[in-house]
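Listed here are the chains, written in short residue letters.
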Amino acid sequence: MSFDPAQRDLVPGPPPYAETAELLSERPSSTPLPSSAPAASPPIERPDIVFSPSDSSVHFSFHGQDAEECRQFIQAVRRFGFQQGRQHDDPFMADYAVTCFQGAALDWQLELDEETNGSWRLLQKALKEKYLTPSSRERIAGPSARRPSTLAADSR
């Protein structure tokens, strides 16, 4: 069994500084304890969403600019869910995803029904229909989003 530093607070037994505290308590009473000596602390309650220190400043948003931004957004939400161990928690994933919408994408998301907004599976389907189908790419970016072969055929 290997030790996972992320799980260090979940390991049963005394905290790692317990031995140090015992050694310090064996000092003669004339020797004062340093002010930095660790004190016993109450158990830490874990929040629902846990960020590692390296991820604490990471936040992403979705503006609905184009298909590539949509793909990156879906992938980022999936990664976030996986990091939290909740990638199969459909309502959790949807609840997190809707906090990332901004601008035109937020306006669009607010028009979705409650069922779609509450399900990551349905929200992904709506995102695909809005941003990843060929006709939606044209609506978002205009005629320049069409493939060159389509533009050439239109000019004949």
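Residues numbered from 1 in each chain as written. Predicted model: local features only at pLDDT ≥ 70, side-chain atom pairs only at ≥ 80, totals over all residues. Heavy atoms only, no water.

Chemist: Sorry if this is basic, but what is going on with the overall build of the chain here?
Modeler: Within the chain, the secondary structure is distributed over 8 helices and 0 strands. Counting from the amino terminus, helix and strand elements in the chain follow one another as α-α-α-α-α-α-α-α. When the 156 residues of the chain are sorted by exposure, 24% land in the buried category. When the accessible surface of the chain is summed, it comes to about 11,500 Å², and 54% of that surface belongs to carbon and sulfur atoms. (Helix = DSSP H or I, 4+ residues; strand = E, 2+ residues; numbered from the N terminus. Buried < 20%, exposed > 50% of the residue type's maximum accessible area, 1.4 Å probe, protein only. Areas by Shrake-Rupley, 256 points an atom, 1.4 Å probe, with all protein chains shown as cover.)

Chemist: For this particular structure, what's the right way to read the environment of F101?
Modeler: If you trace the backbone, F101 turns up in the loop between helix 3 (90–98) and helix 4 (103–110). Separated by 39 residues in sequence, F101 and F62 have C-alpha atoms that sit 4.9 Å apart. When near neighbours in sequence (up to four residues on either side) are disregarded, F101 contacts F62, F73, L106, W108, Q109, L123 and L127. (Contact = heavy atoms within 4.5 Å.)

Chemist: Is there a simple way to explain the pattern of salt bridges in this structure?
Modeler: Once their charged atoms are close, side chains differing in charge can pair, the charge on each being opposite to the other. Counted according to the given criterion, the structure contains 2 salt bridges. Put simply, E68 and R71 hold a salt bridge, and the shortest N to O gap is 3.4 Å. Of this pair, E68 and R71 both sit in helix 2 (residues 67–84), separated by 3 residues, roughly a single helical turn. The partner of D89 in a salt bridge is R86, with the nearest N and O atoms 2.7 Å apart. Judged by its relative accessible area of 25%, D89 is partly exposed. In this structure R86 comes out as partly exposed when scored by relative accessible area, which is 22%. (Salt bridge = Lys/Arg side-chain N within 4 Å of Asp/Glu carboxyl O.)

Chemist: Explanation requested: the packing of helix 3 against helix 6 (residues 120–132) in the structure shown.
Modeler: When two helices pack together, their arrangement is given by the angle between the helix axes and by the axis-to-axis distance. In contact at an axis separation of 7 Å, helix 3 and helix 6 are set at 50° when each is read in the N-to-C sense. In terms of their interaxial angle, helix 3 and helix 6 are classed as oblique. Of helix 6, the residues touching helix 3 (which contributes D90, M93, A94, A97 and V98) are W120, R121 and L123. Of the residues contributing to the contact of helix 3 with helix 6, the split by class is 6 nonpolar, no polar and 2 charged. (Axes fitted to C-alpha atoms, helices over the stretch in contact; angles between N-to-C directions. Parallel < 35°, antiparallel > 145°, perpendicular 65-115°, else oblique. Nonpolar A, V, L, I, M, F, W, Y, C, P; charged D, E, K, R; others polar.)

Chemist: Whenever I open this one, the side chain of E69 confuses me. Can you help?
Modeler: As for its placement among the helices and strands, E69 is situated in helix 2. Comment: no salt bridge for buried E69; closest opposite-charge side chain is R71, at 11 Å. A polar contact of 2.6 Å, which involves the side chain of E69, links it to the backbone nitrogen of Q65. Those residues in contact with E69 that sit more than four places away from it in its chain are S61, F62, H63 and G64. (Lys, Arg positive; Asp, Glu negative; His and termini not counted. Polar contact = N/O pair within 3.5 Å; in protein donor to acceptor, adjacent residues only side chain to side chain.)

Chemist: Mind showing me how you'd approach the nonpolar core here?
Modeler: Formed by 22 residues in total, the largest nonpolar core has its most connected members in F62, F73, F101, W120 and L127. For this core, the secondary-structure elements that each account for two or more residues are helix 2, helix 3, helix 4 and helix 6. (Core = buried A, V, L, I, M, F, W, Y, C linked by side-chain atoms within 4.5 Å.)

Chemist: Even after reading the chapter, I still don't get the confidence of the model for the chain, so can you show me in this structure?
Modeler: Keep in mind that low pLDDT regions are not for reading the predicted coordinates in detail. Of the residues in the chain, 49% have a pLDDT of 70 or more, and the chain-wide mean is 73. The element-level mean pLDDT for the chain is lowest in helix 8 (residues 148–154), coming to 46, with helix 5 (residues 114–117) highest at 97. Note that residues 46–57 has pLDDT below 50 and, in this model, 12 contacts with residues that lie over four places away or in other chains. Between residues 145–156, whose pLDDT stays under 50, and residues either more than four places distant or in other chains, the model counts 6 contacts. (pLDDT = per-residue confidence, 0-100.)

Chemist: Teacher, can you tell me more about the packing of aromatic side chains here?
Modeler: Aromatic ring pairs are defined here through the distance separating the ring centres and the angle between the ring planes. For the structure on display, the rule yields 10 aromatic pairs. Geometrically, the ring pair formed by F80 and F92 is stacked, given 6.2 Å between the ring centres and 15° between the ring planes. Highlighted residues: F80 in helix 2 and F92 in helix 3, separated in sequence by 12 residues. For F92, a relative accessible area of 9% puts it in the buried group. The rings of F60, F62, F73, F80, F92, Y96, F101, W108 and Y131 are connected pair by pair, giving a single aromatic cluster. Directly above the ring of F92 sits R86, whose terminal nitrogen or CZ lies 4.0 Å from the centroid. The positively charged end of K130 is found above the aromatic ring belonging to Y131, 5.9 Å away from the centroid. (Phe/Tyr/Trp six-rings, centres within 6.5 Å; stacked < 30°, edge-to-face > 60°. Lys NZ or Arg CZ within 6 Å of the ring centre and 35° of its normal.)

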